[in-house]
Amino acid sequence: MKKIFRIIAVVVLTTVLSVPAVLAGNDDRRGTAGATELLINPWARSAGWGGVNTACARGLDAFYMNIAGLSFTEKMEVSYSNTSWLGGKTGLTSGASINAFALGVRVFDKGVLGVSVMTMNFGDIDITTYNSPEGGNNGTFSPSVMNLNVAYAHSFTASIHGGVNIKIISEGTADISGSGFGLDAGIQYVTGENDELKFGISLKNIGPAMSFSGTGFSFQFVNENNNNMTAEYRSGEMELPTCFNIGLSYDFLIDKWDQKITLAGGFTSNAFLKDNFVVGLEYGLLNRVQLRCGYVYQNDIFSDANRTTAITGLAAGGSVNIPLGKDSKSSVVLDYAYRSASPMKGSHSIGASLKF
């Protein structure tokens, strides 16, 4: 028992000491972070109510908001999700496609090991130059973005759950690349006669700065002595988009038809972006169908002139749980989510999970 409380104390202390660094962001730093794809939720289930599930994330869906929820994986879970991200301005094709795959396995009585991969595909983009700013004559390039996550979550008691996630970041083109790594940590506390009250905190994307390198930074020129020379630009360092999440949720249980209404709220403090406030509602029926909606608010989100994000806040989605056999605990879960945006098109996510 003493060992458990020591572990909890270390995690809580680390989180509390890191909060000032997260809150140290100011307007001069907005938009200067690197690897900002780490702030995109690729999972359809939690995206459907705005990522409000810091307190109530469960299973592989916890990889994004609070890794502590991975500890609720029963035996094994496999999940895949695809997102059409910000479909481009009206009349244009999809801007980016996001694919995410995850696997979680219970390796100890109270411990779960998980791994996930997120990739982004931007298609072919025209190469532009100083003399050809519109492109079209210089060929195309295809950026690559991949994040690999390895996590472990543990249930210290029936009420206290924690987790740690190590992520490896890789970005680049054919002649420029960059890599880095970061750390997520989170805690969830569950209480109530039927575990209806939940509280969670998580700290995401803590790690050293990353930079780019490669032949794409080099250029050739002729000096004053008419000699051919090769020079290279230096890449500046970019901090990871650190953020701190805190959330609370409550389940209203209705015996008839196993109905459940979950009301959740959360706050995200971003070091390099505006802070977010989010509220969400989920309705469940017969443990088979869930409908959810949420809204993510930040300062100036209603102002087209001053809004600093294309995401306009509204999110909605649903899930269907299909059991595999009458008495089997295994099931297939299908998820869908929509996130509104302007002036870009909204984002659509679809996902499927296999639970054992």
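Quick note: structure is the one above.
Residue numbering note: each chain is counted from 1, following its sequence as written. Residue-level local features of this predicted model are given only where pLDDT is at least 70; pairs of side-chain atoms are given and counted only at 80 or more, and the full residue set underlies all totals for whole chains, interfaces and linings. Side-chain numbers come from the whole structure's heavy atoms, not from hydrogens or water.

Peer 1: Describe the overall build of the protein, and please don't skip the residues or the numbers.
Peer 2: Tallying secondary structure elements over the protein gives three helices and 19 strands in all. The buried share among the 356 residues of the protein stands at 42%. Across the protein, the fraction of contacts at a sequence separation of at least 24, relative to all contacts at a separation of at least 6, is 56%. Starting at the N terminus, helices and strands are each numbered in turn, a helix being any DSSP run of H or I of at least four residues and a strand any DSSP run of E of at least two. Buried means the residue's accessible area, taken with a 1.4 Å probe over protein chains only, is under 20% of the maximum for its type, while exposed means over 50%, and partly exposed covers the values in between. Contacts are assigned to residue pairs with any non-hydrogen atoms lying within 4.5 Å of each other.

Peer 1: Could you give me a rundown of the pairing of strand S16 (residues 289-297), with the residues and numbers involved?
Peer 2: Burial along S16 is one-sided: the residues Gln290, Arg292, Gly294 and Val296 are buried and none of Val289, Leu291, Cys293, Tyr295 and Tyr297 is. Relative to strand S17 (residues 311-323), S16 is paired through seven bridges, and the arrangement is antiparallel. Paired with arginine 292 across the bridge in S17 is glycine 317. Being paired, for any two strands, means DSSP has found at least two bridges between them.

Peer 1: Residue-level account of the environment of arginine 29, with values.
Peer 2: Relative to the helices and strands, arginine 29 is located in the loop between helix H1 (2-22) and helix H2 (44-47). Given the relative accessible area of 25%, arginine 29 is considered partly exposed.

Peer 1: Please set out the packing of aromatic side chains residue by residue, giving values where relevant.
Peer 2: Pairing of aromatic rings covers Phe, Tyr and Trp, the last counted by its six-membered ring, and requires centre-to-centre distances within 6.5 Å; plane angles under 30 degrees mean stacked, over 60 mean edge-to-face, and any other angle means tilted. A complete count under the given rule lists five aromatic pairs for this structure. Ring centres of tyrosine 250 and phenylalanine 252 lie 4.9 Å apart, and the angle between their planes is 65 degrees; on these two criteria the pair is classed as edge-to-face. By relative accessible area, which is 43% here, phenylalanine 252 ends up partly exposed. Taken together, the ring pairs in this structure connect Tyr295, Tyr297 and Phe302 into an aromatic cluster. A ring is considered to have a charge above it if a Lys NZ or an Arg CZ atom is located within 6 Å of its centre and within 35 degrees of its normal. Here arginine 58 stacks its cationic end above the ring of phenylalanine 72, 3.6 Å away from the centre of that ring. One residue, lysine 256, lies across the ring of tryptophan 257, its end atom 4.6 Å from the ring centre.

Peer 1: How would you explain the nonpolar core if you had to name every residue and give the values?
Peer 2: Counting residues in hydrophobic clusters, the biggest one holds twelve residues: Trp43, Leu60, Phe63, Tyr64, Met65, Ile67, Leu70, Ala100, Ala102, Val112, Ala151 and Ala153. When residues of this core are traced back to their parent elements, those giving at least two are helix H3 (62-65), strand S2 (96-106) and strand S6 (144-155). Per element, the largest residue contribution to this core is three residues, and it comes from H3. Those residues in contact with methionine 65, other than ones at most four positions away along the chain, are Gly51, Asn53, Thr54, Ser202, Lys204 and Asn245. Here, the term nonpolar core denotes a set of buried Ala, Val, Leu, Ile, Met, Phe, Trp, Tyr and Cys residues that are joined through side-chain atoms within 4.5 Å. One finds Ile40, Ile98, Met118 and Val145 within the second-largest nonpolar core, a separate group that totals ten residues.

Peer 1: Which residues make up the pattern of salt bridges, and what are the values?
Peer 2: When a carboxyl oxygen of Asp or Glu lies within 4 Å of a side-chain nitrogen of Lys or Arg, that pair is called a salt bridge. Taken as a whole and assessed by the stated rule, the structure comprises six salt bridges. Arginine 292 is the partner of glutamate 282 in a salt bridge, and the nearest nitrogen-oxygen pair spans 2.8 Å. Taken together, the residues span a long stretch of sequence, with glutamate 282 in strand S15 (residues 276-285) and arginine 292 in strand S16 at a distance of ten residues. Here glutamate 282 and arginine 292 have matching classes, each one buried.

Peer 1: Can you break down a nonpolar patch on the surface residue by residue, with the values?
Peer 2: Taken together, the side chains of Tyr189, Leu197, Phe199, Ile246, Leu248, Tyr250, Phe252, Leu263 and Leu281 present a nonpolar region at the surface, about 770 Å² in accessible area. For the nonpolar patch, the secondary-structure elements that each account for two or more residues are strand S9 (197-206) and strand S13 (243-254). Ranked by the residues each element gives to the nonpolar patch, the list is headed by S13, at four residues. Among the secondary structure elements, phenylalanine 199 is positioned in strand S9. Given the relative accessible area of 35%, phenylalanine 199 is considered partly exposed. Each patch is built from residues that are more than 30% exposed by relative accessible area and take part in no salt bridge. Like charges join if they lie within 9 Å; nonpolar side chains (Val, Leu, Ile, Met, Phe, Trp, Tyr) join within 5 Å. Only the protein chains shown count as cover for residues, with accessible areas throughout obtained via the Shrake-Rupley method and a probe of 1.4 Å.

Peer 1: With reference to specific residues and values, describe unusual backbone geometry.
Peer 2: Of note, the bond from serine 342 into proline 343 is cis; its omega dihedral lies within 30 degrees of zero at 5 degrees. One non-glycine residue with positive phi stands out, namely tryptophan 257, at about 60 degrees. Topologically, tryptophan 257 is positioned in the loop between S13 and strand S14 (259-270). Residue classification places tryptophan 257 among the exposed residues on the basis of a relative accessible area of 51%. Not every positive phi belongs to a glycine, and asparagine 287 is a case in point at roughly 55 degrees.

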